[in-house]
Amino acid sequence: QAELAMYDAKKAGRDQIRFFDFEMQEQADKRTELEAGIRKGLDSQEFCLYYQSQHEADGSVLGYEALVRWVREGVVIPPSDFIPQAEQSGLIIPLGQWILKTACEQLAKWKELPDKQHLSIAVNISAVQFQDPKFAQQVISLLDQTQAPADRLELEITESMLISDLDKIIDILLLLKTRGIRFSLDDFGTGYSSLDRLTNLPLDQLKIDQRFVRNLDKHSRDAAVVKTIIDLGRNLGLSVIAEGVETDNQRERLLELGCYQFQGYLFAKPALLPE
Ligand code: C2E
Ligand code: MG
Ligand code: MG
Ligand code: MG
């Protein structure tokens, strides 16, 4: 079809515009299709949560990060293939609600199990979701509805969410923190937020982005960044976790630098929880 359009455009002489129009149309169609797919996927429960364990220095599991997957005709689709479109279309609001509710239901189940009740779940929050004026109230309603232990729920936000009115953001964080919810700053070090903004936020945890962890044991520059994040976290009274830990070397370097919590393929890949 694209070839046909190219041929048409050529036939039309230098009329490149027709070709670009066609491509744009095709992209728009794909977007609409994806959007309809997400909508239908929500209705027919095609989404599921994978969980990736988070570990203490002694190897014990402190909790899990919930990572959404879309299972479409048996194929597992990663979030990078649909979250951006869900954000653009606003569908991230119902999808995000479903994700939070599912995580809360899991926490409520664990609450009844003595060997599981200490476990926490971290849920990624999209900027679009966070900007929704109803966000905080919806989280509180979900906690009430599911009877999930709020102090086991951690919300992961990113620096990109911190660009708007800081006072408003702080209000939302404080409101949810009075319920016991904790906040973690995901992908830390990759955004553009100023230290001034960051240090004013009532956070609980910094999450070192995997791009700094990847070459930690090879590049002194990455080691310097990681060390700086760990020291900043410690000085602000925050816990620090490293993500994307794949090797024993990386884990050892992190320990030497003062990071005692880990997440990564070295420990476990994201997967469905065993029933
Ligand atoms: P993230 O929150 O930073 O999640 C970490 C990503 O790194 C996950 O990819 C995880 O599978 C991957 N990962 C974990 N350990 C390792 C490792 O040792 N090596 C490598 N190379 N990768 C590792 P995933 O699940 O594809 O998610 C990608 C991103 O999509 C997430 O980054 C997050 O920003 C977003 N995302 C995932 N689930 C959700 C969700 O439920 N809601 C929202 N709004 N965003 C989500
Ligand atoms: Mg995350
Ligand atoms: Mg992230
Ligand atoms: Mg991350």
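Residues numbered from 1 in each chain as written. Chains lettered and ligands numbered in written order. Predicted model: local features only at pLDDT ≥ 70, side-chain atom pairs only at ≥ 80, totals over all residues. Heavy atoms only, no water.

Per an unreviewed UniProt entry, the chain is named Diguanylate cyclase, and its organism is Nitrincola tibetensis.

**Student:** For the coordination of the magnesium ion (ligand 3), give the residues involved together with the corresponding values.
**Tutor:** Within the protein, the magnesium ion (ligand 3) binds to D186 (OD) and D187 (OD); these donor distances fall in the range 2.6 to 2.7 Å. A separation of 4.0 Å is found between the magnesium ion (ligand 3) and the magnesium ion (ligand 2), which share D186 as a coordinating residue. (Donors = N, O, S within 2.8 Å, 3.2 Å for Na, K, Ca; no water.)

**Student:** Got a sec to walk through the coordination of the magnesium ion (ligand 2)? Specific residues and values, please.
**Tutor:** Only E65 (OE), N124 (OD1), E156 (OE) and D186 (OD) from the protein coordinate the magnesium ion (ligand 2), and they sit 1.9 to 2.2 Å from it. Sequence positions of the residues that donate to the magnesium ion (ligand 2) give the spacing E-x58-N-x31-E-x29-D.

**Student:** Which residues make up the packing of helix α6 (residues 135-146) against helix α7 (residues 166-178), and what are the values?
**Tutor:** In the contact formed by α6 and α7, the axes pass within 10 Å of each other and the chain directions differ by 10°. Between α6 and α7, the interaxial angle falls into the category roughly parallel. Along its contact with α6, which presents F135, A136, V139 and I140, the element α7 presents I172, L175 and L176. Residue classes in the contact of α6 with α7 are distributed as seven nonpolar, no polar and no charged. (Axes fitted to C-alpha atoms, helices over the stretch in contact; angles between N-to-C directions. Helix = DSSP H or I, 4+ residues; strand = E, 2+ residues; numbered from the N terminus. Parallel < 35°, antiparallel > 145°, perpendicular 65-115°, else oblique. Contact = heavy atoms within 4.5 Å. Nonpolar A, V, L, I, M, F, W, Y, C, P; charged D, E, K, R; others polar.)

**Student:** Lay out the site of ligand 1 in plain terms, naming residues and giving numbers.
**Tutor:** Looking at ligand 1, there are 21 residues lining it, with R69, N124, D186, E246 and Y265 nearest. One of the side-chain N or O atoms of E65 is found 3.0 Å from an oxygen atom in ligand 1. Of all the secondary structure elements, the ones that give two or more residues to the shell around ligand 1 are β2 (61-72) and β6 (182-188). Sorting elements by how many residues they give to the shell around ligand 1 places β2 first, with four residues. (Near = heavy atom within 4 Å. Polar contact = N/O pair within 3.5 Å; in protein donor to acceptor, adjacent residues only side chain to side chain.)

**Student:** Residue-level account of unusual backbone geometry, with values.
**Tutor:** If you check the backbone angles, Q45 has positive phi at about 55° while not being a glycine. With relative accessibility at 67%, the residue Q45 sits in the exposed group. Of note, D187 is a non-glycine position whose phi angle comes to about 55°, a positive value. By secondary structure assignment, the location of D187 is in strand β6. (Buried < 20%, exposed > 50% of the residue type's maximum accessible area, 1.4 Å probe, protein only.)

**Student:** How would you explain the state of the cysteines if you had to name every residue and give the values?
**Tutor:** In this structure the tally under the stated criterion is zero disulfides. Here C48 is not cross-linked by a disulfide; its sulfur's nearest cysteine counterpart is in C104, at 17 Å. (Disulfide = S-S within 2.5 Å.)

**Student:** Lay out the nonpolar core with the relevant residues and their values.
**Tutor:** Grouped burial of nonpolar side chains is what soluble globular proteins tend to show. Judged by nonpolar contacts, the single largest core of 69 residues is most densely connected at L155, I157, I208 and L254. Element by element, the count of residues in this core is highest for helix α4 (residues 92-111), at eight residues. Residues within four places of I208 in sequence aside, it is in contact with F188, V213, V226, I229, I230, V240, I241, A242, E243, L254 and C259. (Core = buried A, V, L, I, M, F, W, Y, C linked by side-chain atoms within 4.5 Å.)

**Student:** Got a sec to walk through the packing of aromatic side chains? Specific residues and values, please.
**Tutor:** Applying the stated criterion across every chain, the model contains seven aromatic pairs. Pairing F47 with W70 gives two aromatic rings, centres 5.3 Å apart and planes at 25°, and the pair type is stacked. Here F47, found in strand β1 (residues 47-56), pairs with W70, found in strand β2; they are 23 residues apart in sequence, far enough to count as distant. Judged on exposure class, the residue F47 and its partner W70 are both buried. Ring centres of Y51 and Y64 lie 6.3 Å apart, and the angle between their planes is 90°; on these two criteria the pair is classed as edge-to-face. Residue Y51 is located in strand β1, and its partner Y64 is located in strand β2; the two are separated by 13 residues in the primary sequence. Of the residues examined, Y64 reaches a relative accessible area of 18% and is grouped as buried. (Phe/Tyr/Trp six-rings, centres within 6.5 Å; stacked < 30°, edge-to-face > 60°.)

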